[in-house]
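What the coordinates show
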Amino acid sequence: MSAPTPAGPGPEERGLQPPDFGRPSPALLARADRGYARFLAPTTPAASDDGDQDDAARHR
C-alpha cells in the first residue's frame, strides 16, 4: 500500500535541503570563472617540426 499524494505544496520546512538549495555557492562561481578565463586565454602557436614527413615530400 502506498501513501496518498499530497494535493498541494507541503508546508515550508527546512527538511534535508540547505536554505540556499539550487543556488551556486561563491566558491563554485569562482571556480567556473577561472575555468572560463582559462578557456578564453590566448594560446601560443605550436612549434613546427623539422622532421615532418609532409615537409620532406614537399621538397623532392
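Above: the structure in question.
To continue, consider the overall build of the protein. Within the protein one finds two helices and zero strands. Within the span of the protein, comprising 60 residues, buried residues form 0% of the whole. By element, 56% of the accessible surface of the protein is carried by carbon and sulfur atoms, the whole surface being about 6,600 Å².

Bringing a nonpolar patch on the surface into the picture now. Together, Y36, F39 and L40 give the surface a local cluster of nonpolar side chains, amounting to about 400 Å² of exposed area. Since its relative accessible area comes to 66%, F39 is described here as exposed.

To continue, consider helix 1 (residues 26–40). The terminal C-alpha atoms of helix 1, which comprises 15 residues, lie 21 Å apart, in line with the 21 Å expected from a rise of 1.5 Å per residue. Across the 15 residues of helix 1, zero count as buried, placing the element largely on the outside.

This part is about the packing of aromatic side chains. For the coordinates displayed, the defined rule picks out one aromatic pair. Plain terms: the ring middles of Y36 and F39 are 6.4 Å apart, the flat faces sit at 20 degrees to each other, and that makes the pair stacked. Taken together, the residues span about one helical turn, with Y36 and F39 both in helix 1 at a distance of three residues. For the residue pair Y36 and F39, the accessibility class agrees, reading exposed in each case.

Rules used in this analysis
Residues numbered from 1 in each chain as written. Predicted model: local features only at pLDDT ≥ 70, side-chain atom pairs only at ≥ 80, totals over all residues. Heavy atoms only, no water. Helix = DSSP H or I, 4+ residues; strand = E, 2+ residues; numbered from the N terminus. Buried < 20%, exposed > 50% of the residue type's maximum accessible area, 1.4 Å probe, protein only. Areas by Shrake-Rupley, 256 points an atom, 1.4 Å probe, with all protein chains shown as cover. Patch = residues over 30% accessible without salt bridge, like charges linked within 9 Å, V, L, I, M, F, W, Y side chains within 5 Å. Salt bridge = Lys/Arg side-chain N within 4 Å of Asp/Glu carboxyl O. Expected span 1.5 Å × (residues − 1). Phe/Tyr/Trp six-rings, centres within 6.5 Å; stacked < 30°, edge-to-face > 60°.

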